[in-house]
Each structure stands twice: as structure tokens, then as C-alpha cells.
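Chains, contacts and geometry: an overview
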Amino acid sequence: MRNKSFIDFSVRLLIKEKKDYLFSFFIFAFIIFIVTAVLFISNSIKRDLLVALANEGQVIVKNNKGGHYAPLNDAYLDALLEINGVDDVVGKVDGYYNFAQDRRYFHVVVEEDLNDSSIYVSEDVGELLKKFKYEKEFNFLVKDTLITLDIAKVVASNIISNNTIFVNEYNARRVLEMDDDAYSYFVLKVPNEDEIENIALKIPKLYPNLVALPDYEVESDYDHLYYYKGGIFMILYIVSLVSFFILLKNQISSVYGSRRKEIAILRSIGFSISDIILLKFIQNSIVVFGAYFMAIILSYLYVFFFDAPLLRNIFLGEHVTHISFTPVVDIKMLFLIFIFTVIPYLASILIPSWKLAIEDISEAMK
Amino acid sequence: MSIFLLDSIVVMFFVETVLLLLMGTSMFAVAKILKYWNFDASTTLQYALEKKNYLVNTIILFTIGVKIILFVFFVKSLDDLAPLVPGAMCATGVIGANKFGNTLLIYKIFTLFLLGVWVVINRLDLKTKKFDYLRKKYYLFIVIFALLGIEFALELLYFTNIPLNTPVFCCSVVFVVENLPFGLETVDLVKIFYLLFVSILVVDYFNKASLSFVLNILFLLLAYYCVTYFFGTYVYEEPNHKCPFCMLQKEYHYIGYLIWSTLFLGTYFGISPHIIYSLIGKKYQRLLRYNALFLTLFVAICSYYVISFYLRNGVFL
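Residues numbered from 1 in each chain as written. Chains lettered and ligands numbered in written order. Predicted model: local features only at pLDDT ≥ 70, side-chain atom pairs only at ≥ 80, totals over all residues.

**Digging into the overall build of chain B**
As a reminder, the rule being used: Working definition: helices are DSSP H or I runs of at least four residues, strands are E runs of at least two. Numbering for both runs from the N terminus. Throughout, the radius of gyration refers to the C-alpha atoms, and the reference size of a globule is 2.2 Å times the residue count to the power 0.38. Any residue whose C-beta has 12 or fewer other C-beta atoms within 10 Å is treated as exposed, any with 20 or more as buried, and any in between as partly exposed, C-beta atoms being built from the backbone. What counts as a contact is two residues whose backbone-derived C-beta atoms lie within 7 Å of each other.
Within chain B one finds 10 helices and zero strands. Ordering the α and β elements of chain B from the N terminus gives α-α-α-α-α-α-α-α-α-α. Relative to the globule expectation of 20 Å for 317 residues, the C-alpha radius of gyration of chain B, 22 Å, shows essentially globular dimensions. C-alpha extents for chain B along the principal axes are approximately 75 × 50 × 30 Å. The proportion of buried residues among the 317 residues of chain B is 36%. Put simply, 68% of the contacts in chain B that link residues at least 6 apart link residues at least 24 apart.

See the structure below:
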């Protein structure tokens, strides 16, 4: 009985009865679509952050004075170079410029290729500046003077470069009002990975005001942040899934009620109870897998081609308008969604299928 | 640690709860069946019970399928936890993070074995005309249900007690001392491993279930040590990297899943005929064939790493 033609028969029967399943198919696909989109967004953001982190050095050193970050100077740089195992120390200049007209901050980042009179801006900053008629050039307002620089290029923005203005180091110091020997933070290059932890511990011992963050610690912070956000979604999702499955069980039961005669005929020509259960299981598997794959493809398009309108605001806030997510597809995540959605779905149709299969034949035929 | 920290753990608990609920509902049917079952009676009750029997079978078969998928998922989640737990580089650190971890892992494998035995008994039962093993099958299921309830509690204890601030040991620390059984050297261990493998093949050929039972349990134990301390080093191509979990990671092409699953499947088919015989008194030696098949596959994969390393480099590690 259970061979290829059995499966063939179930598929044909499913095509004939497709109306019965349309409701659950679309609602279920929608649920999977939302959960996949959320996870795609958070994974993509996390990946971008981690890639940016990997391009930095192994240890980041900042100057913390009573809870405020203060600039560092050359004396610290020389002292850090003395530590065994540190190959190189690079002083970085970076900071935030308050653009009061729109009540927001721009991230000022150093880009060495730029000359003294031009800047690059990220796509969303460029768009914003246009509104304020800064099309060709931009005026930085600093304490004593006005620095006017040409906008040479608008660069595409991802999660890191969004909200960013790129200037060279000379201009960065002028905009952020930093002295020539002042640095925002240091990046330490440590070639031997095993030494990172020791060096990170040693620095605060030498200078209690310095904070040393090894790369793995920052990485684990990012992980915590995004796992946590994902966790909240999961809880909300469980609530919606549970109500969906109750709905599904009732819907399937009522639909199956109208199919009693058909099943009775099948039983009377020799289908056993477990054959009927298997038949319904195969049909529902096809529906649920169809919904699963359709939802995943749709949410891929939604997030990575259309940049997730509406949903991205949950993660990035209202201000971010021009951002493109780096496509990241994690098989583990798809496996997770599979377990989360497909298995409870199949579990919730077991009892209705059984009820349908055990119907009394002579009763149903009346 | 909060169990809400990681999506996969939340999902795992959700699915486990669904399964327990399903099994719990079928428990009512089981109780009724055990109480009133009488195959020779032609009452309405008996017909209703026979119909319920189908439901319970379907639910348990579904549970078993999901449990196997969930086990893979569980191991995968342990790997995901590794970056969050300080000091852990792979699942070793995470599983050893508290006293429940190792127990839970062994317990999970044990319940999977039992569920597998249940499937076979169920098949045999359905083949008989009068459901001869029905009662035994359902008593076994009640035991399994209780065990799965304990497993759920254990899981909860394990995940809530993972420390996120105190560092745990990494596999390079846990497995650095060669903690081999019976005070054996690695070389002797590998010799015994192959010897045992050959004797299992012989025993399988002569269909000796009870002997196969003993040998397979021994083999499972030895194979664990051999993979961890000997074959693993060839998988990683590094003499000091001894870990049963790292081979599950992407860097080693997920080969660990194949290695461990063939070992477990193989020993399962070797052990279960004897258990089935002692439970329901029926000989079912056909499974021993699969025992030989999967163990050969397992040994072939392990040996392949050693041989290919030798051929490429001309030395053993």
C-alpha cells in the first residue's frame, strides 16, 4: 500500500482539495515570513558589526576618567608600545559632531585617502544634508570658526557606515577640536592570540584610568545584545504560534468533518486507519514545507532586496533611512525556524487526522 | 544563565513542551488500554480501544522522529553557546559548565536508545495478529514518558545553571590528561578497538544476540575514548587537539555528526536484539545486520583519516 503511487495519490488529492488548506497555508507562511525577516535582519546587523570588529586591532584602549571618555596622548602611546607582545599601537581619532539643525549626531570617521578640503558622506547623511541645501559642501561649526569642506562622494551605508562623515585626520582634529597629540582611542596589534588576554589585564594595572577591551569581549557583547533581542521576539512568537495552532486544529477539524464521506469510501476499498493518518500527514507536510520555503524566499527578498521597510525601524530607529543589509543566510537559523514552526504544525494535525481516520464507515456513508 | 538568552534554547523548550503535552494526552489513552484491553472481547469498548491504539502509535512515532531531530539541534545549540560562555571554545566547555551537563548528554542518548527499542517492539507487535506485546509495549512507554519528564527537568536545571561570569574549561584542558580506561596506552586501546570490531562482525555473522550486547557496550565505551584520544587527532591533524565535540564544527566539514551517528546507530542495532529478547521473548536478530553495516561505516570513516594522513605525510601522529 505504502509506495510511490500512494504518495502520488495523496498529492493529487491535495491538489483537488487545495481550498481546504489555503487558509492555513497563507497564515502560516505569513508567520514564518515575519520571524525569518526579523532573524535575517538581526543576523545581518550582527555580521556587519563582527566584520568591522575583525578589521580593527586585537585590543582597544580608551581613557576613562570618572565615567567620561577623555582623549589619550602620545605619552600613553609610548608606554603601551613598551608592553611585551604588543607589536604596534595605532592612535585613532573619531568622535561625534552635533548637527544641531536636525538634532542629531554624525559619526566623524578618519579616512586617510581624503585630501584636506573634501569629505565623503554616507547615503543617509547625504540625503539629510540635501534637505538643508548642503549639496556641494558642508560647514562644520566649531568654537572659533567655520570649516567648509567639499562633499566629494556619497557612499552606500550599512549598519556601521550609516550616519557617518569621512574626513582625513587633519580635518577630524579640527572638527572634533582635538590637539595634535590627542587620540580618541588606541588600537593594539597583538600578533599572538594567546597574549591578548594578559595584555588586556596588564594595561589597567599600569594605568588605572585606561580601559582595555579585547576583541573577543566586544564580540561577546554584540552577541549578548542580539541574542537578547532575538529572545524577546521568540517569546512573543511562542504566544502567537500557540494561538495559531489552536486555530489550526479547529480549522482542520471542521474541514475534515466535511470530508468524512470521502475517507469512508477510501476505508471501504481497503485503506487502513494508519494509511489514512499517513495520507493526511503527507498532505500536511507538503503544505507546511511549501509554506516554509515560500516564506523564506519571500523574506529573503524583503530584507535583502527591499531592505526591510517598516521592520528595520525596530532595530535601527526612525532616523535610518538609507541602509542596505548585507545578505547573510545562516543554515543554523533556517534549521531553528524549521523546528520552531514546522514541527508544532505537524504535531497539531495528528489528532484531527486520527479522528477523521477512525470515523465509523457506515455512519459516514449515510 | 537565563534560558531566554538564546533563540535556540527557547525554541527547544517550546518544542519539548509540545511533545510532552502530546504524550501526556496519549497517556490517558494508554491507561485506558492497559486497564480494559481484551482482544477476544467484541465489545464497543474494545473497538474504541483498538482505534485509540492507532492514535498512541502515531503520536509516539512522531515523538521519536522529532526527538532525533531535536538531539542534533541540542548539540548544535551547545556549539552556539560556546562564544557566550567565557573560556569555552566548543561544546566541551559548555557541557562541562555545570554538573548536569554530562549527565544530560548521556541521559539523552540513553532515552533515544530506549525509544528506538520501543519502535522495534511496536513493529513486531503490529505484525502479530492479536497484538501480543501490547501491554509490554505500553508499560515500556510509561517508563519512557517518565524518563522524558525527568529529562525535561534536567534540561531546565542544566541551562539555568550555566555560569556566564566564571570561566569554564576548554577542551584543551579537559582532555589533556590521557584518562584512558583500565590504564591502557593509546596504541593498545586502538588495537583492542579493531579486535573488538572484528569480533563483533563475527558474532553478528553467527547471530549471537547476547554476546553482541556485551561486545557492543564495550565497543561503545572504547570507541568514545578512541575517537577522542586517537582518531580525533587525525581529524584535526594536530597531535594535541583531543576533543569529541570540535569535529562537529564547520572547520572539519561537520564530520563529527557522521562519525557519532554511525557509532550510535551501529551500537543501537547491536544492543537492541538482546534487550528486545529479554523484554518480550522474541528473537529479532535481523537488526544485527545493520549493526555490522553501521559499525563498518564508522570504522571506515575513522580509519580513513588515519590512512589518508599517513599517505600524505608519511608519518603517524
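**Brief notes about the overall build of chain A**
Per the secondary structure count, chain A includes 12 helices and 13 strands. Against the globule reference of 21 Å for 366 residues, chain A gives a C-alpha radius of gyration of 30 Å, more extended than a compact globule. In terms of its C-alpha atoms, chain A occupies a principal-axis envelope of roughly 95 × 50 × 35 Å. With 366 residues in all, chain A has 33% of them scored as buried. The long-range fraction of contacts in chain A, counting pairs at least 24 apart against all pairs at least 6 apart in sequence, stands at 80%.

**Overview of the domain arrangement of chain B**
All names here are of chain B. Going by this rule: Segment limits for the domains were obtained from an automatic or database-derived domain assignment. All amino acids are sorted into three groups, where Ala, Val, Leu, Ile, Met, Phe, Trp, Tyr, Cys and Pro are nonpolar, Asp, Glu, Lys and Arg are charged, and the leftover types, Gly among them, are polar.
Along its sequence, chain B is carved into domain 1 (3–160) and domain 2 (175–313). For domain 1 versus domain 2, the distance between C-alpha centres works out to 25 Å. Listed as interface residues are 15 residues of domain 1 and, on the opposing side, 14 residues of domain 2. Secondary structure elements with two or more residues in the side of domain 1 that touches domain 2: α2 (44–81), α3 (91–95), α4 (100–127) and α5 (134–160). Considering each element in turn, the side of domain 1 that touches domain 2 owes the most residues, seven residues, to α4. Per-class residue counts for the side of domain 1 that touches domain 2 are 11 nonpolar, two polar and two charged.

**A look at unusual backbone geometry**
Residue and element names in this part refer to chain A. Even without glycine at this site, R103 takes up a positive phi of about 50 degrees. Position of R103 among the secondary structure elements: in the loop between β5 (94–99) and β6 (104–110). R103 sits in the exposed class, given 7 other C-beta atoms within 10 Å.

**Regarding the domain arrangement of chain A**
All names here are of chain A. For chain A, the domain assignment lists domain 1 (4–52 + 221–365) and domain 2 (59–213). The centre of domain 1, based on its C-alpha atoms, is set 46 Å off from the matching centre of domain 2. Facing 11 residues of domain 1, the contacting portion of domain 2 comprises 10 residues. Taken together, the residues of the side of domain 1 that touches domain 2 break down into five nonpolar, five polar and one charged.

**Here we look at the interface of chain A and chain B**
Counting residues at the interface gives 24 residues for chain A, matched by 23 residues for chain B. Looking at the side of chain A that touches chain B, the elements that each hand over two or more residues are α7 (215–257), α9 (273–305) and α11 (331–357) of chain A. Its residues assigned to classes, the side of chain A that touches chain B shows 17 nonpolar, four polar and three charged.

**Some words on the sheet that holds strand β8 (residues 137–141) of chain A**
All names here are of chain A. For clarity, the cut-off: Here the rule is simple: two strands pair whenever DSSP picks up at least two bridges between them. Only the contacting stretch of a helix is used when fitting its axis, a line to C-alpha atoms as for every element, and angles between N-to-C directions run 0 to 180 degrees.
Spatial ordering of the open sheet is given by β5-β6-β10-β7-β9-β8, a layout of six strands whose pairing is mixed. In this open sheet, the two edge strands, each paired with only one partner strand, are β5 and β8. Neighbour-to-neighbour, the strand axes of the sheet open up by a mean angle of 35 degrees, direction not taken into account. In the sheet, strand β7 (residues 118–122) pairs with strand β9 (residues 146–155) via five bridges, with the strands oriented parallel. Within β9, the residue paired with S118 across the bridge is D150. Packing against the sheet, helix α4 (residues 123–131) makes contact with β6, β7, β8, β9 and β10 (164–167), and its axis sits at approximately 105 degrees to β7.

**A word on the confidence of the model for chain B**
For any part of a model where pLDDT is low, the fine detail of the predicted coordinates should not be relied upon. Short version of the rule: Per-residue confidence from the predictor is reported as pLDDT, a score between 0 and 100.
Overall, the predicted model of chain B reaches an average pLDDT of 87, with 97% of residues at or above 70. Among the scores for the predicted complex, ipTM is 0.84 and pTM is 0.81.

**So, the pairing of β5 of chain A**
All names here are of chain A. Note: β5 against β6, six bridges, orientation antiparallel. In the sheet register, N98 faces β6, and the bridge partner there is Y105. What sits between β5 and β6 in their antiparallel hairpin is a turn of four residues, with R103 showing a positive phi close to 50 degrees.

**Regarding the packing of helix α1 (residues 7–36) of chain B against α2 of chain B**
Residues and elements named next belong to chain B. To keep it simple, the criterion reads: Small angles under 35 degrees read as roughly parallel and large ones over 145 as roughly antiparallel, with 65 to 115 read as roughly perpendicular and the rest as oblique. Each helix crossing is assigned a hand: it is left-handed if the near helix lies turned anticlockwise from the far helix by less than a right angle, otherwise right-handed if that turn is clockwise.
At a closest axis distance of 9 Å, the pairing of α1 and α2 adopts a crossing angle of 155 degrees. In terms of their interaxial angle, α1 and α2 are classed as roughly antiparallel. For the element pair α1 and α2, the recorded crossing hand is left-handed. The residue makeup of the contact of α1 with α2, split by class, is 19 nonpolar, five polar and three charged.

**Thoughts on the nonpolar core**
Within soluble globular proteins, side chains that are nonpolar tend to cluster in buried spots. For the record, the criterion: Each nonpolar core reported here comprises buried Ala, Val, Leu, Ile, Met, Phe, Trp, Tyr and Cys residues connected via C-beta atoms within 7 Å.
Formed by 130 residues in total, the largest nonpolar core has its most connected members in I32, I41 and A291 of chain A together with V11, V15 and V94 of chain B. Among the elements that take part in this core, α9 of chain A stands out by supplying 13 residues, more than any other. Those residues in contact with I41 of chain A that sit more than four places away from it in its chain are V303, A308, L311, R312, F315 and F325 of chain A. Residues L72, V93, F166 and A200 of chain A belong to the second largest nonpolar core, which totals 35 residues.

**Concerning α4 of chain A**
All names here are of chain A. The following threshold applies: The directions considered for the arc run from the helix axis to the C-beta atoms.
All of the buried residues along α4 are V125, G126, L128 and L129. Viewed along the axis of α4, the buried residues span an arc of 165 degrees, placing them on a single side of the element. Of the exposed residues in α4, the ones pointing more than 90 degrees away from its buried face are K130 and K131. At its buried positions, α4 is contacted by β6, β7, β8, β9 and β10. Once α4 ends, the next one or two residues include K133, with phi positive near 65 degrees.

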